[in-house]
Amino acid sequence: TKTPNFKRTKLACYTAYFTMSSVFCIPPLLFVTLRETYGISYTLLGTLVLVNFVTQLGVDLVFTFFSKHFNTQKIVRVMPLITSLGLTVYALIPTFFPQIAYAGLVLGTVIFSLSAGLSEALLSPTIAAIPSDNPQRDMSLLHSLYAFGVLTMVVIGTLFLKLFGAENWMLLMLFLALLPVISAVLFAISPMPD
């Protein structure tokens, strides 16, 4: 039997991990904008970071103890779309329903944090399961892409807000919501390791 080619699978994992960094670094860049636009206190905005952390930790714990009860391959394939949904909710609910802006931010945060927790729990094992001549290099590349993603997202976010104005923050979020779709397409057309 022919061994499947996992190059696209690796690329999908790498792009998913890279775009996951937007989940962590873009919302804090928007705190001043969200405070000025919607009158949300810094305490409540800071609570979004706690919501992000607790959601991810909860997902990590569930998958640590109950991973055998889930279809990991399907979850990995859907995970980027969950990120995209969370970023879209984060952008659109406050924009179209400013009276419940904070609720929209919380809901979006929970959704994309769920996906981030899944990424942390499932992408490393997926890369580790792919046959490789140099598995340490593959794993190092995966984890370094998170740091490169944070740097890239901070630069893109800062430049976008300077060039297009903080009042257009939701367009930045919608752009970032498109990026995980690339990973989802790659996962859809790629073989998955056992």
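Residues numbered from 1 in each chain as written. Predicted model: local features only at pLDDT ≥ 70, side-chain atom pairs only at ≥ 80, totals over all residues. Heavy atoms only, no water.

Asker: Please set out the side chain of Asn52 residue by residue, giving values where relevant.
Answerer: Here Asn52 shows up in helix H3 (residues 42-66). In contact with Asn52, other than residues within four places in its own chain, are Val23, Phe24, Thr109, Phe112 and Ser113. (Helix = DSSP H or I, 4+ residues; strand = E, 2+ residues; numbered from the N terminus. Contact = heavy atoms within 4.5 Å.)

Asker: Could you give an account of the environment of Asp194, with specific residues and numbers?
Answerer: Considering the arrangement of structural elements, one finds Asp194 in the segment after helix H7 (169-188). Among the residues examined, Asp194 registers a relative accessible area of 90% and is labelled exposed. Put simply, Asp194 and Ala16 are 178 residues apart on the chain and 19 Å apart in space, counted from C-alpha to C-alpha. Those residues in contact with Asp194 that sit more than four places away from it in its chain are Gln73 and Ala129. (Buried < 20%, exposed > 50% of the residue type's maximum accessible area, 1.4 Å probe, protein only.)

Asker: Would you mind going over the pattern of salt bridges in detail, with residue names and values included?
Answerer: As enumerated under the stated definition, the model contains 2 salt bridges in all. Across the pair Asp138 and Arg137 runs a salt bridge, and its minimum N-O distance is 3.5 Å. According to the relative accessible area criterion, Asp138 is buried, its value standing at 4%. Residue classification places Arg137 among the partly exposed residues on the basis of a relative accessible area of 48%. Each of Lys10, Arg137 and Asp138 takes part in salt bridges that share partners, so that together they form one network. (Salt bridge = Lys/Arg side-chain N within 4 Å of Asp/Glu carboxyl O.)

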